[in-house]
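What follows is each chain in one-letter form.
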Amino acid sequence: MARLWEVTGGTGLGGIVVRSGRDLESAVKSERLSTGAVVQQEELVGNRLRFTRLSGGGPDSGWVSLTAKDKPLLVKAAARAGVGAEAARPS
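These lines cover the structure that appears in this document, whether it is placed above or below. (Residues numbered from 1 in each chain as written. Predicted model: local features only at pLDDT ≥ 70, side-chain atom pairs only at ≥ 80, totals over all residues. Heavy atoms only, no water.)

1. Comments concerning the sheet that holds strand β4 (residues 61–65)
Moving on, step 1. Pairing is antiparallel across the open sheet formed by 5 strands, whose spatial order is β4-β3-β2-β1-β7. The strands lining the two open edges of the sheet, one partner per strand, are β4 and β7 (74–76). Across the sheet, the axes of successive neighbouring strands diverge by a mean angle of 45°, strand direction being ignored.
Moving on, step 2. Direction of pairing for strand β1 (residues 4–7) relative to β7: antiparallel, over a ladder of 3 bridges. Counterpart to Val7 in the pairing with β7 is Leu74. (Pairing = 2+ DSSP bridges. Helix = DSSP H or I, 4+ residues; strand = E, 2+ residues; numbered from the N terminus. Axes fitted to C-alpha atoms, helices over the stretch in contact; angles between N-to-C directions.)

Right under this line is the structure:
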């Protein structure tokens, strides 16, 4: 079953930064992933998520950070639906 995430960060900034690669030094994509967008997890490495966008605005795919300065940028989609999941934390 695919794991879905919802973007909660980037409010007032037009969304969150998306990079072309996993490394934090990789190229930044021209568009941000919009707050409220839902993405499908393709790969999770530490605090970095490779995604495919399912809804909302932004790049179709790329890499994002789950948290920034200890604040979640994305949460598991079930957490937003109130199903009891906690905010995203790297495993």
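2. Some remarks on the layout of surface pockets
Moving on, step 1. In this model, the largest pocket occupies a volume close to 170 Å³.
Moving on, step 2. Taken together, Gly10, Leu13, Gly15, Ile16, Val17, Arg19, Leu24, Arg32, Arg48, Val64, Ser65 and Leu73 form the lining of the largest pocket.
Moving on, step 3. Its residues assigned to classes, the lining of the largest pocket comprises 6 nonpolar, 3 polar and 3 charged. (1 Å grid on protein atoms, 1.4 Å probe; cavity = no way out; pocket = protein on both sides within 12 Å on 5 of 7 lines; lining within 4 Å. Points joined across faces, edges and corners; volume = space filled by probe spheres on them. Nonpolar A, V, L, I, M, F, W, Y, C, P; charged D, E, K, R; others polar.)

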